[in-house]
Amino acid sequence: MWLNFFLNTQLSSVRIKTTLAAACLLASSLLHASPLPHLSNFEPVGSGTMRFFGLRLYDATLWSPGGVWSANKPYALELAYARSFNGTAIVQRSIEEMRAQRPWPEATLARWEKDMRALFPDVKKGDRLIGVRQPGAGVTFYSGPLKLGQIDDETFAEAFFGIWLNPTTRAPDLRAQLLKLP
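Read on for an overview of the structure.

What counts and how
- One numbering rule holds for all chains: residues counted from 1, following each sequence as written.
- Totals for whole chains, interfaces and linings use every residue, but because this is a predicted model, local features are given only for residues with pLDDT of at least 70 and side-chain atom pairs only at 80 or more, for both listing and counting.
- Hydrogen atoms and water are omitted, and side-chain values are computed over all heavy atoms in the structure.
- In this analysis the probe radius is 1.4 Å and the grid spacing 1 Å, with only protein atoms considered; a cavity is a set of points the probe fits into but cannot get out of, a pocket is an open set with protein on both sides within 12 Å along at least five of seven lines, and lining residues have an atom within 4 Å of a point.
- Grid points are joined across faces, edges and corners, and a volume is the space filled by probe spheres set on the points.
- A run of DSSP states H or I qualifies as a helix once it reaches four residues; a run of E qualifies as a strand once it reaches two. Both are numbered from the N-terminal end.
- Amino acid classes used here: Ala, Val, Leu, Ile, Met, Phe, Trp, Tyr, Cys and Pro are nonpolar; Asp, Glu, Lys and Arg are charged; the rest, including Gly, are polar.
- In short, DSSP must find at least two bridges between two strands for them to pair.
- In this description, a line fitted to the C-alpha atoms serves as the axis of each element, helices being fitted only across the stretch in contact, and the angle between N-to-C directions of two axes falls anywhere from 0 to 180 degrees.
- Should any heavy atoms of two residues lie within 4.5 Å, those residues are counted as being in contact.
- Buried residues are those whose accessible area, probed at 1.4 Å on protein chains only, stays under 20% of the maximum for their type, while exposed residues exceed 50% and partly exposed ones sit between those limits.

Turning our attention to the layout of surface pockets. Here the largest pocket is characterised by a volume of approximately 650 Å³. If you trace the largest pocket, you find 29 residues lining it, with Leu57, Tyr58, Arg93, Ser94 and Trp164 closest to the centre. Elements supplying a minimum of two residues to the lining of the largest pocket: strand 1 (42-52), strand 2 (55-65), strand 3 (75-81), helix 2 (87-101), strand 4 (128-133), strand 5 (139-143) and helix 4 (154-165). The element contributing the most residues to the lining of the largest pocket is helix 2, with seven residues. For the lining of the largest pocket, the per-class residue count stands at 20 nonpolar, four polar and five charged. Contributing to the lining of the second largest pocket are Trp69, Ala71, Asn72, Tyr75, Arg133, Ala157, Glu158, Phe161, Gly162, Leu165 and Asn166. When the residues that make up the lining of the second largest pocket are grouped by side-chain class, the tally is six nonpolar, three polar and two charged.

Next comes the structure, spelled out in structure tokens:
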């Protein structure tokens, strides 16, 4: 009788430990899951939070194959919004940030603004927008797993991702966090 009790107790303990280990493994894999199913080899390079006067606007994560970023290789930038924004406001802010980096021709900025307006939705707290950079193919945008569309313009891709990744960004602390710079 004591032997049965002891064995059952030991088996229950093993089951509990196995279940806990499996749950920890699953949670760990979810923390590092790629932003989109078709980017299964993408791992986080770095992440940070964009704030404006102390208000959290969004959390940004830079993803790349093996977690090693190169401007000449595919990568993705994921923005997880902490509040609601109108799609038009996102487009306008993107154009302002691109303009601040370098003097783009106004006709080019107008074309990019039109292209982004056709793609960028309104967002609410918890929504994720993801831009996937494929050198030679521009940028493909997603809202969560839903493909919004593509802008097949290398110069646009450079300017758009430059908002966060260019050394002249107006958010140098966020850039440093995304690229894991000292």
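Here we take up the sheet that holds strand 3. Read across the sheet, six strands follow the order 1-2-3-4-5-6 without closing on themselves; strand pairing throughout is antiparallel. Looking at strand neighbours, the two that pair on one side only are strand 1 and strand 6 (146-151), the edges of this open sheet. Taken pair by pair, the neighbouring strands of this sheet meet at an average axis angle of 20°, ignoring direction. In this structure, strand 1 lies alongside strand 2, joined through ten bridges in antiparallel fashion. Bridge assignment links Phe42 to a residue of strand 2, and that residue is Pro65. Against the sheet, helix 3 (residues 106-119) contacts strand 5 and strand 6, and its axis sits at roughly 165° relative to strand 6.

You can see Ala33 is positioned in the loop between helix 1 (2-31) and strand 1. Relative accessible area serves as the criterion here: at 33%, Ala33 is assigned to the partly exposed category. Expressed as a C-alpha distance, the spacing of Ala33 and Glu43, which sit ten residues apart in the sequence, is 7.1 Å.

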